[in-house]
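# Reading the structure
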Amino acid sequence: MSYDVAIVGAGIVGAACAASLSASGLRVLVLESNDIATGTTAAGMGHIVLMDDSEAQLALTGYSRKLWNEFAGELPPEAEYEHCGTIWVAADEEEMLEVRRKQSVYTEHGSDAVILDAQSLRAVEPKLREGLAGGLLVKDDSVVYQLCATRFLLDRSVRYGAKVRTGVRAVKISDDGVTLEDGEVIAAGVTINAAGTAAGELSPELKIVKRKGHLAITERYPNFVRHQLIELSYLKSAHGSDSESVAFNIQPRRTGQILLGSSRQFGIESDEIDFDILRQMTGRAFEYMPNLKMLSIVRVWTGFRPATPDNLPYIGKIAGYENTYAACGHEGLGITTSLGTAELLTSAILGRKPAIPIEPYLPSRTITEH
Ligand SMILES: Cc1cc2nc3c(=O)[nH]c(=O)nc-3n(C[C@H](O)[C@H](O)[C@H](O)COP(=O)(O)OP(=O)(O)OC[C@H]3O[C@@H](n4cnc5c(N)ncnc54)[C@H](O)[C@@H]3O)c2cc1C
């Protein structure tokens, strides 16, 4: 049996590619060494967020967020899609300058972004401490339970005729297809590397490093918080090259639970909980929302973001190949950008005009390290 497309990896990115390509009439096979959504996708926060670290990031997150908002009506209730919006919280007047800059960029991009002064911030999120300067409410951002969304995307691809094989590890990908660990060779017209943090093992030309993160989830406290709340300094943490950083970043879940993040660490292989980082992370959150101290955390976990040197994912043909493509390296935005990635790749494979230019994400781009 041969396929039009073989996708290695059944995280949210591979699943989104499978759904898009099979809906376009291609015969798709998804190969997963473990089980569906057990890699980084299992560890993420599910925040669908517009980000403007670079023009290319703004274009991809904006396009992807639009696709999520269109897709929302089709998601099942267990995908817990919530249009809760994000508030970027400014601690002082200096951060309010960034609020104003961001508001102007977002508005120019057609996104509904409203500046909140100190009083309005406390009115919409009364549990935040007094004395914060204000914030930026980005209304079109949302939250999804990414594990169910991944399952839904894969189920959809299966309805279009795709096959999904779990427990099979790819050891080689090439223009002719995929070779599995047991020697089986699967012929495919096109091969896609969506192997997350392991993508570089199959395609050494893709530079991907692991960036560890911690998350914690509380018991149920309905209405404790209503928006995804992130401190503006998060941007320094997310895009800086410090080997360790934490930021206040919390998310209300439909269950009433609160997801609490986030941390970033480079150069760590162990997936064990680092209690020092966890203390720093919760301590940072208590600075913004002191009453969080009263809540019970029921679970803490870690995950590894697949990071690239310029903070942009690899989407498109891998240099030196005719039919081998990359869909990986999405760092802390892969849930958000999965749908946009899939549409861009489908357009590239089918020779259609993409909705946004694909060039900034091509694996062959000149990469300037951040
Ligand atoms: C703490 C944390 C918080 C995050 N929060 C957010 C957020 O709020 N919003 C957001 O947009 N993103 C967030 N992210 C990032 C997001 O989770 C990732 O970018 C995204 O899940 C990556 O998906 P993926 O499909 O590329 O990778 P993965 O989910 O890792 O999938 C890759 C799959 O490939 C399989 N695989 C690997 N090698 C092979 C092989 N050789 N053969 C077969 N299969 C193989 C793996 O088993 C895995 O299942 C967060 C990440 C972390 C760690």
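Attention in this report is confined to the structure presented alongside it. (Residues numbered from 1 in each chain as written. Predicted model: local features only at pLDDT ≥ 70, side-chain atom pairs only at ≥ 80, totals over all residues. Heavy atoms only, no water.)

Our next topic: the side chain of Lys-102. Take Lys-102: it is sitting in helix H4 (residues 93-108). There is a polar contact of 2.9 Å between the side chain of Lys-102 and the side chain of Asp-52. (Helix = DSSP H or I, 4+ residues; strand = E, 2+ residues; numbered from the N terminus. Polar contact = N/O pair within 3.5 Å; in protein donor to acceptor, adjacent residues only side chain to side chain.)

Moving on to the packing of helix H3 (residues 55-71) against helix H10 (residues 334-350). Helix-helix packing is described using two parameters, namely the angle between the two axes and the distance between the axes. Contact geometry for H3 and H10: axes closest at 7 Å, N-to-C directions at 95°. Between H3 and H10, the interaxial angle falls into the category roughly perpendicular. Counted together, Leu-60, Thr-61, Tyr-63, Ser-64, Leu-67, Trp-68 and Phe-71 of H3 and Ile-335, Thr-336, Thr-337, Ser-338, Leu-339, Gly-340, Thr-341, Glu-343 and Leu-344 of H10 form the full contact between these two elements. (Axes fitted to C-alpha atoms, helices over the stretch in contact; angles between N-to-C directions. Parallel < 35°, antiparallel > 145°, perpendicular 65-115°, else oblique. Contact = heavy atoms within 4.5 Å.)

Further remarks concern the sheet that holds strand E6 (residues 134-138). Read from one edge to the other, the open sheet built from 8 strands follows the order E5-E6-E4-E13-E14-E15-E12-E16, with strand pairing classed as mixed. This sheet does not close on itself; its edge strands, each paired only once, are strand E5 (113-117) and strand E16 (297-307). Each strand of the sheet is rotated relative to its neighbour by a mean of 20°, with strand direction disregarded. Note: strand E14 (residues 244-252) against strand E15 (residues 257-266), 7 bridges, orientation antiparallel. Residue pairing in the sheet places Ile-250 in a bridge with Leu-260 of E15. (Pairing = 2+ DSSP bridges.)

Looking now at the pairing of strand E11 (residues 185-193). Bridging between strand E1 (residues 3-8) and E11 involves 5 bridges; their strand directions are parallel. Within E11, the position partnered with Val-5 by the bridge is Val-190. In this sheet, E11 lies alongside strand E10 (residues 177-180) in antiparallel orientation, the contact comprising 3 bridges. Along E11, the bridge assignment pairs Val-178 with Ile-186. Counted along the chain from E10 to the antiparallel partner E11, the turn is 4 residues long, and its residue Gly-183 has a positive phi close to 95°. Bridging between E11 and strand E18 (residues 324-328) involves 3 bridges; their strand directions are parallel. Bridge pairing in E18 links Asn-193 to Ala-326.

Take the environment of Gly-189 next. Structurally, the position occupied by Gly-189 is in strand E11. Between the alpha carbons of Gly-189 and Ile-115 there is a distance of 50 Å; along the sequence they are 74 residues apart. Those residues within four positions of Gly-189 in sequence are excluded, and the remaining contacts are Tyr-3, Asp-4, Asp-175 and Asn-323.

Moving on: the packing of aromatic side chains. One pass over the full model with this rule turns up 3 aromatic pairs. Here the aromatic rings of Trp-68 and Phe-71 are separated by 5.9 Å at their centres, their planes lie at 55°, and the arrangement is tilted. Taken together, the residues Trp-68 and Phe-71, both in helix H3 and 3 residues apart, mark about one turn of the helix. The residues Trp-68 and Phe-71 share a single accessibility class, namely buried. Taking the centre distance of 5.7 Å and the plane angle of 50° together, the rings of Phe-71 and Phe-152 count as tilted. With Phe-71 in helix H3 and Phe-152 in helix H6 (residues 146-159), the pair connects residues that are 81 residues apart, well separated along the chain. Here the two residues Phe-71 and Phe-152 agree in accessibility, since each one is buried. Taken together, the aromatic side chains of Trp-68, Phe-71 and Phe-152 make up a single cluster linked through ring pairs. In this arrangement the basic side chain of Lys-102 is found over the ring face of Trp-88, its NZ or CZ atom lying 4.4 Å from the centre. (Phe/Tyr/Trp six-rings, centres within 6.5 Å; stacked < 30°, edge-to-face > 60°. Buried < 20%, exposed > 50% of the residue type's maximum accessible area, 1.4 Å probe, protein only. Lys NZ or Arg CZ within 6 Å of the ring centre and 35° of its normal.)

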